[in-house]
Amino acid sequence: MNAQTQADSKTAPFAIPTQCRRFEGRVVVVTGAAQGLGRVIARRVAEEGASVVICDVNEAQTQRAAQRLAQETGRPFLAFVGDLSAEGVADRMVAQTLERFGRIDTLVNNAAALIRMPLVDFTEELLRKAVDWNVWNTLRCCKAVLPTMIERHYGRIVNIGGEAWRTGAPFHTLLAGVGKGSMVGLTVTLAGETLRQGITVNCVSPGGIDSEADGDPEGRALAVRDPSWNPPEAMAELARLSRSRPNSMGRISHPTEVAAAVAFFASPEASYVTGQHVGVSGGMAMI
Ligand SMILES: NC(=O)c1ccc[n+]([C@@H]2O[C@H](COP(=O)([O-])OP(=O)(O)OC[C@H]3O[C@@H](n4cnc5c(N)ncnc54)[C@H](O)[C@@H]3O)[C@@H](O)[C@H]2O)c1
């Protein structure tokens, strides 16, 4: 690789300020936003004028992210802490958002549990947790926001998928096959159900993300990603496969690159786009 090619294949820098102001007066809820991609999405919509609710199961990290992002963007942030897969939690999140901000324009379903291992190695308990944290949280959040969106005849729902559901990546049966595959199905059927209700539902699927580059100076809470969920042998095999993939850009994404696509679907601009799936994955999968 020459020097220019090397520079081109690095991830983009975090702080490219946007000139867009699509979220003035809007309220955006981002799940799993204490760190990683969710934190960057929350920051992006705040930079464009949104009041933002960040929801996560990790209490200390959520409070800290809300405080920091509010300082950095000058926008109001509400921190909501809870396991969104548990009954009633998403309903409480919606109630608190309406109490504080009076409306919900956008829901970004980003929360997930990154568990990558052979299906035969899952315990019964981990199987349940993987379905809870990759399916039930999104289902419950969608169901909880719909009544207020239907009442206002306006809503944007953006589901965060992941390309592994359609590339057949090994060790992704729960995370991608069940989790992200169902996210795509949910996107399409819910979009069909809400077509005449002013609501759009779309899905953005990243490939690999440099999610450590989320701009948090204190780093990430890896406790929510139990190291045993991603055994080194599985990760080494995934890295080998990704190096040998011919049709990708040869780098993972910066989270701001994914957040930019999410911000479009989350905004009023995307008024005539629903039931769609877009890969933001450097060519890993096409159409
Ligand atoms: N990191 C990647 O390479 C990659 C690739 C493709 C897709 N994705 C998707 O992008 C999204 C963000 O990924 P990331 O790397 O930032 O992940 P991450 O693990 O850093 O962050 C996910 C956040 O979701 C929270 N969360 C999980 N389950 C929750 C629940 N039930 N209730 C409340 N909070 C919950 C976690 O506490 C965590 O803070 C996920 O949907 C992931 O599947 C990531």
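All of these numbers come straight from a predicted model, not from anything done at the bench. (Residues numbered from 1 in each chain as written. Predicted model: local features only at pLDDT ≥ 70, side-chain atom pairs only at ≥ 80, totals over all residues. Heavy atoms only, no water.)

A. Focus on the confidence of the model for the protein. Across the protein, the average pLDDT comes to 91, with 93% of residues at or above 70. Ranking the elements of the protein by mean pLDDT puts helix α1 (residues 3-8) last with 42 and strand β4 (residues 106-109) first with 99. Across residues 1-11, confidence stays below pLDDT 50; counting only partners more than four residues off in sequence or on other chains, it has ten contacts. (pLDDT = per-residue confidence, 0-100. Helix = DSSP H or I, 4+ residues; strand = E, 2+ residues; numbered from the N terminus. Contact = heavy atoms within 4.5 Å.)

B. Summary view of the pairing of strand β1 (residues 27-31). Among the five residues of β1, five are classified as buried, and the element is accordingly described as predominantly covered. What you see with β1 is no split at all: Val27, Val29 and Thr31 on one side and Val28 and Val30 on the other are buried throughout. With five bridges joining them, β1 and strand β2 (residues 51-56) adopt parallel strand pairing. Pairing of Thr31 across the sheet is with Cys55, part of β2. You can see the chain leave β1, run along helix α2 (residues 36-47) and come back into β2, and the turn it takes is right-handed. For β1 and β4, the ladder comprises three bridges, and the chain directions are parallel. Within the sheet, the bridge partner assigned to Val29 lies in β4 and is Leu107. (Buried < 20%, exposed > 50% of the residue type's maximum accessible area, 1.4 Å probe, protein only. Pairing = 2+ DSSP bridges. Right-handed = clockwise from strand over helix to strand, strands pointing away.)

C. Fine view of the packing of aromatic side chains. Scanning the model with the defined rule gives one aromatic pair in all. For the ring pair Phe264 and Phe265, a centre distance of 5.3 Å and an interplane angle of 55 degrees mean the geometry is tilted. With relative accessibility at 30%, the residue Phe264 sits in the partly exposed group. Owing to a relative accessible area of 5%, Phe265 belongs among the buried residues under this scheme. A cation over an aromatic ring shows up here: Arg26 above the ring of Tyr154, its NZ or CZ 4.7 Å from the ring centre. Across from the ring centre of Trp133, 4.1 Å away, lies the NZ or CZ of Lys129, which sits over that ring. (Phe/Tyr/Trp six-rings, centres within 6.5 Å; stacked < 30°, edge-to-face > 60°. Lys NZ or Arg CZ within 6 Å of the ring centre and 35° of its normal.)

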